[in-house]
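# Architecture and fold: a report
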Amino acid sequence: MKVSVKVPATSANLGPGFDCMGLAIPLYNTVTIEETVLPGTGIEINVLAADSSENELLMEHIPMDENSIVYKAVELLYNSIGQTPSELKITIQSEIPIARGLGSSASVIVGGLIAANELLGRPADETALLSIATEVEGHPDNVTPAIVGGLVITSQEDDGSIVYRKLDWPEEWHLTVCVPDYELATDISRSVLPKEVPMIDAVFNAKRMGMFVHAVHTKDVELMKLALKDRLHQPYRTKLVPGLEKIIANLKHEENIIGTVLSGAGPSILIVSSGNGLDKIKSIVRETWADLNVKAQIFDTVIEKQGATIISNDDSK
Ligand code: HSE
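Residues numbered from 1 in each chain as written. Predicted model: local features only at pLDDT ≥ 70, side-chain atom pairs only at ≥ 80, totals over all residues. Heavy atoms only, no water.

A few words on the overall build of the protein. Along the protein, the regular secondary structure elements total ten helices and eleven strands. Against the compact-globule benchmark of 20 Å for 317 residues, the protein has a radius of gyration of 20 Å, which places it among compact chains. Seen through its C-alpha atoms, the protein measures out along the principal axes to roughly 65 × 45 × 35 Å. For the protein, buried positions account for 55% of its 317 residues. Excluding contacts between residues fewer than 6 apart, the proportion of contacts in the protein whose partners are at least 24 apart in sequence is 74%. For the protein, the exposed area adds up to about 14300 Å²; of that, 51% sits on carbon and sulfur atoms. Where the 26 positive side-chain charges of the protein centre and where its 43 negative ones centre are 7 Å apart. (Helix = DSSP H or I, 4+ residues; strand = E, 2+ residues; numbered from the N terminus. Rg over C-alpha atoms; globule rule 2.2 N^0.38 Å. Buried < 20%, exposed > 50% of the residue type's maximum accessible area, 1.4 Å probe, protein only. Contact = heavy atoms within 4.5 Å. Areas by Shrake-Rupley, 256 points an atom, 1.4 Å probe, with all protein chains shown as cover. Lys, Arg positive; Asp, Glu negative; His and termini not counted. Charge placed at Lys NZ, Arg CZ, Asp CG, Glu CD.)

Below is the structure:
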């Protein structure tokens with residue numbers, strides 16, 4: 001039996017929503033899990049570029065933790081029903097840039113989990129999948145939109161369960177994703193965060209979370225401009241993201257800019273805007289990074305409403 005699952009990329013935090021807000025974007029990794037028939041072959045994990053053939057393995061570009069996290073997710077699911085995985089071939093077709101703050105690790109965790117769940121006859125429901133995925137990833141803001149799609153507010157409660165709600169994003173607000181050519185591992189980006197923050201900064205973000213929710217419900221551009229700010233993670237990470245501060249400063253006075261935020265743990269940047277001017281926004285980002293010798297992929301996107309999808313389930317074996 002062989003199952004393939006297509007999982008969207010995600011952008012987490014969205015300014016004030018550190019570890020509790022994220023959205024899915026239409027860029028995908030596909031995880032295929034195949035039960036192999038040869039006993040003793042163990043677990044094999046391969047990573048391919050999305051458009052490559054098997055002989056163009058990307059293994060050397062994929063950090064080992066990307067590989068072990070997919071296995072860890074699969075193992076936790078098997079363990080939850082008293083089993084241990086064995087003789088599995090896991091193939092990841094990777095379109096989502098790695099270590100760029102676009103949820104590539106969440107996508108392989110989710111893809112592995114959902115594929116394994118199919119192989120096992122669906123013992124886990126959405127609630128269980130969300131909990132296991134969050135346990136492996138450490139926070140729910142990428143795995144939740146990767147599983148359910150859309151823009152979500154998500155929380156891991158004390159008992160480990162995940163509570164989430166979807167928000168409707170105003171269609172007239174544009175999203176632009178800017179991906180620099182350098183990587184930033186999430187664990188490094190989290191290592192610079194303090195264990196505690198001043199009360200005034202916690203209050204700053206609490207206010208902005210409220211503003212964010214109201215602004216998307218009412219399509220209030222002026223409120224959203226206030227909402228897309230953060231004091232819990234971005235200020236600490238700025239030094240790890242060459243160009244971030246300058247890009248925010250250079251875009252600040254551009255007409256139609258609603259906000260510029262770090263995507264997840266970075267180093268990608270997410271820009272929210274309205275109206276015209278997307279080309280100008282993109283060229284400002286490109287030129288600012290070019291001054292620092294950073295090349296970038298910059299593209300407009302939309303929110304992917306569909307979460308992880310099973311694209312093939314071949315039980316011919
Ligand atoms: N909320 C997470 C962070 C997202 O900012 O570290 C990255 O996985």
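Text resumes after the structure shown.
Before going further, it helps to examine the packing of aromatic side chains. Counted by the stated rule, this structure contains two aromatic pairs. Taking 5.5 Å as the distance between ring centres and 85° as the angle between the ring planes, the aromatic pair formed by Trp 169 and Trp 173 counts as edge-to-face. Trp 173 shares its class with Trp 169; the two are buried. Each ring, one from Trp 169 and one from Phe 212, has its centre 6.5 Å from the other, and the planes form 40°; the classification is tilted. One end of the pair, Trp 169, is in the loop between β6 (162-167) and β7 (173-180); the other, Phe 212, is in helix α6 (residues 199-218), with 43 residues separating them in the sequence. For the pair Trp 169 and Phe 212, one class covers both residues: buried. An aromatic cluster is built from Trp 169, Trp 173 and Phe 212, whose rings are joined through pairwise contacts. Residue placement shows Lys 6 over the ring face of Tyr 28; its charged tip is 4.2 Å from the ring centre. In this arrangement the basic side chain of Arg 208 is found over the ring face of Phe 204, its NZ or CZ atom lying 3.8 Å from the centre. (Phe/Tyr/Trp six-rings, centres within 6.5 Å; stacked < 30°, edge-to-face > 60°. Lys NZ or Arg CZ within 6 Å of the ring centre and 35° of its normal.)

The next point concerns the site of the ligand. Asn 13, Phe 18, Asp 19, Glu 137, His 139, Asp 141, Asn 142, Thr 186, Arg 190, Arg 237, Gly 264 and Ala 265 make up every residue found near the ligand. Between the ligand and Asn 142, the relevant distance is 3.1 Å, taken from an oxygen atom to a side-chain nitrogen or oxygen of the residue. Note that an oxygen atom of the ligand is positioned 2.6 Å from one of the side-chain N or O atoms of Arg 190. Computed on the free molecule, the ligand has an accessible area of 260 Å², of which 96% lies beneath the protein chains in the complex. Contributions of two or more residues to the shell around the ligand are made by β2 (17-35), α4 (140-148) and α5 (186-191). Looking at the shell around the ligand, its residues break down into two nonpolar, five polar and five charged. (Near = heavy atom within 4 Å. Polar contact = N/O pair within 3.5 Å; in protein donor to acceptor, adjacent residues only side chain to side chain. Nonpolar A, V, L, I, M, F, W, Y, C, P; charged D, E, K, R; others polar.)

Below, the discussion takes up the domain arrangement of the protein. A common way to report how large an interface is uses the accessible area buried once the components associate. The assigned domain composition of the protein is domain 1 (2-167 + 303-314) and domain 2 (173-301). Placing the centre of domain 1 and that of domain 2 at their C-alpha centroids yields a distance of 25 Å. The interface is formed by 26 residues belonging to domain 1 together with 37 residues belonging to domain 2. Carbon and sulfur atoms supply 65% of the area buried between domain 1 and domain 2, which totals about 2200 Å² over both sides. If you sort the residues of domain 1 by the area they bury against domain 2, Pro 16, Phe 18 and Arg 100 come out on top, with a joint share of 30%. Linking domain 1 to domain 2 there are two salt bridges. For the salt bridge of Glu 183 with Arg 100, the shortest nitrogen-to-oxygen distance reads 3.7 Å. Our count for the domain 1 to domain 2 interface comes out at twelve residue pairs in polar contact (both at pLDDT 80 or more). Contributions of two or more residues to the side of domain 1 that touches domain 2 are made by β1 (2-13), β2 and β5 (151-156). Counting residues per element, the side of domain 1 that touches domain 2 draws most heavily on β2, which supplies nine residues. Taken together, the residues of the side of domain 1 that touches domain 2 break down into 18 nonpolar, six polar and two charged. (Domains from an automatic or database assignment. Buried area = accessible area lost by both parts, 1.4 Å probe. Salt bridge = Lys/Arg side-chain N within 4 Å of Asp/Glu carboxyl O.)

A word on the pattern of salt bridges. Following the criterion strictly, the structure yields eight salt bridges and no others. With a closest N to O distance of 3.4 Å, Arg 231 and Asp 201 form a salt bridge. Taken together, the positions of Arg 231 in the loop between α7 (221-227) and α8 (234-237) and Asp 201 in helix α6 put the pair 30 residues apart, joining distant regions of the chain. Through salt bridges with shared partners, one network takes in Asp 279, Lys 282 and Asp 300.

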